[in-house]
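The residues making up each chain are set out below.
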Amino acid sequence: MHEQILIVDFGSQFTQLIARRIRELNIYCEIHPFNKLPKLDKNLKGIIMSGSPASCTQPDAPVADLDFMQLDVPVLGLCYGAQFLVARNGGVVEKSNHREYGRANLTILQENKLLEGISDGSQVWMSHGDTILTMPTNTSILAKTDSIPVAAYKFTDREVYAVQFHPEVSHSKDGLQLLQNFTKNICGCTGDWTPAHFVSESVAYYKETIGNDKVIMGLSGGVDSSVAAYILNEA
């Protein structure tokens, strides 16, 4: 099995795009709904928490099955994921007076592994209706923008990071650099996976499982790739 990044899907429209960016870095990843997470194994190198159209202030806000603060792998929260981590650890998240949507520019407040190689003033893309008012005590703010005082932060006692913008979209100019920093520099992924691995491993699995039956299998990666494998074994 390959080293893996788990993407926890809270319902963001960009979740498939997060996966596409991670695969562009030659890292295997899987998307799972927040309420149906898989059993974690030794191949897991890190976890990314997606955004969501939901609000942390809702009584029925999505709550994941994992205690992210007790994991022994790094975690990166994006937008809702960032707010979720704050709200679940003693901070305060409230509805914004206006939805923060569109381009913004980062002001980097301290050197850190997540934002390494990203220039001060780098453009990012905001899209959220909640905002962080009070941070948990064991956190450090890494960056801000003109409109929000907490654009990126980390927990000081563990490798848990979060940003209140979308690094996966093209409007965030250094977004792929940020995702590379997290997956490779923080999680330690080597980037040795390719889509070809997925095809060959899937073919081998179905040959072993189904035997001599004829199978047509469509494998789709959403917006990023589409590949079909035709397996034919003669008895």
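In short, a report on the structure. (Residues numbered from 1 in each chain as written. Predicted model: local features only at pLDDT ≥ 70, side-chain atom pairs only at ≥ 80, totals over all residues. Heavy atoms only, no water.)

### Considering the overall build of the chain
Each helix and strand in the chain was counted, giving 4 helices and 12 strands. When the 235 residues of the chain are sorted by exposure, 51% land in the buried category. Sequence separation of 24 or more characterises 70% of the internal contacts of the chain that already satisfy a separation of 6 or more. (Helix = DSSP H or I, 4+ residues; strand = E, 2+ residues; numbered from the N terminus. Buried < 20%, exposed > 50% of the residue type's maximum accessible area, 1.4 Å probe, protein only. Contact = heavy atoms within 4.5 Å.)

### As for the sheet that holds strand 6 (residues 107–108)
Spatially, 8 strands are ordered 2-1-3-4-10-9-8-6 in an open sheet, and the strand pairing comes out mixed. Looking at which strands have only one partner, the edges of the open sheet turn out to be strand 2 (28–33) and strand 6. Direction of pairing for strand 6 relative to strand 8 (residues 139–144): antiparallel, over a ladder of 2 bridges. Across the sheet, I108 pairs through a bridge with A143, a residue of strand 8. The sheet strands contacting helix 1 (residues 15–24) are strand 1 (4–9), strand 2, strand 3 (44–49) and strand 4 (75–78), and the helix crosses strand 2 at an angle near 165 degrees. Running over the sheet, helix 2 (residues 80–87) touches strand 3, strand 4, strand 9 (152–155) and strand 10 (160–163) and is turned about 110 degrees from strand 4. (Pairing = 2+ DSSP bridges. Axes fitted to C-alpha atoms, helices over the stretch in contact; angles between N-to-C directions.)

### What to know about the nonpolar core
In terms of nonpolar packing, the biggest core is built from 32 residues, with I5, I22, I48, L76, L114, L115 and L178 touching the most fellow members. For this core, the elements supplying multiple residues, two or more each, are strand 1, helix 1, strand 4, strand 7 (123–134), strand 8, strand 10 and helix 3 (175–186). Looking at this core element by element, the count peaks at 4 residues for helix 3. The next biggest cluster of nonpolar side chains, apart from the first, holds 29 residues, and it includes F10, V75, A82 and V160. (Core = buried A, V, L, I, M, F, W, Y, C linked by side-chain atoms within 4.5 Å.)

### Considerations on empty space enclosed by the protein
Within this structure, the stated rule accounts for 1 cavity of 30 Å³ or more. Counted as a void, the largest cavity has a volume near 50 Å³. Around the largest cavity sit L106, I118, S122, V124, F165, P167, S172, D174, G175 and L178, which together line it. Partitioning the lining of the largest cavity into residue classes produces 6 nonpolar, 3 polar and 1 charged. (1 Å grid on protein atoms, 1.4 Å probe; cavity = no way out; pocket = protein on both sides within 12 Å on 5 of 7 lines; lining within 4 Å. Points joined across faces, edges and corners; volume = space filled by probe spheres on them. Nonpolar A, V, L, I, M, F, W, Y, C, P; charged D, E, K, R; others polar.)

### Description of the packing of aromatic side chains
Counting across every chain of the model gives 7 aromatic pairs. With a centroid separation of 6.0 Å and an interplanar angle of 65 degrees, the aromatic rings of Y153 and F155 are classed as edge-to-face. Overall, Y153 belongs to the buried group, its relative accessible area being 1%. Within the aromatic cluster, the residues linked to one another by ring pairs are F10, F34, F68, Y80 and F84. (Phe/Tyr/Trp six-rings, centres within 6.5 Å; stacked < 30°, edge-to-face > 60°.)

### Concerning helix 2
With 7 of 8 residues buried, helix 2 lies mostly within the body of the structure. Taken together, the buried positions of helix 2 are occupied by Y80, G81, A82, Q83, F84, L85 and V86.

### Observations regarding unusual backbone geometry
A positive phi is found at N26, a non-glycine position, where the angle reads about 60 degrees. Looking at the element boundaries, N26 is found in the loop between helix 1 and strand 2. Classification of N26 as partly exposed rests on a relative accessible area of 31%. Positive phi is not limited to glycine here, since C79 has a value of about 55 degrees. Relative to the elements of secondary structure, C79 occurs in the loop between strand 4 and helix 2.

### What about the pairing of strand 9?
Side chains of strand 9 alternate between two faces, with A152 and K154 and Y153 and F155 buried alike. Across 4 bridges, strand 8 lies against strand 9 in antiparallel orientation. Bridging across to strand 9, S140 finds its partner in K154. Here 3 bridges tie strand 9 to strand 10, and the two strands are oriented antiparallel to one another. When the sheet's bridge partners are listed, A152 is paired in strand 10 with V163.

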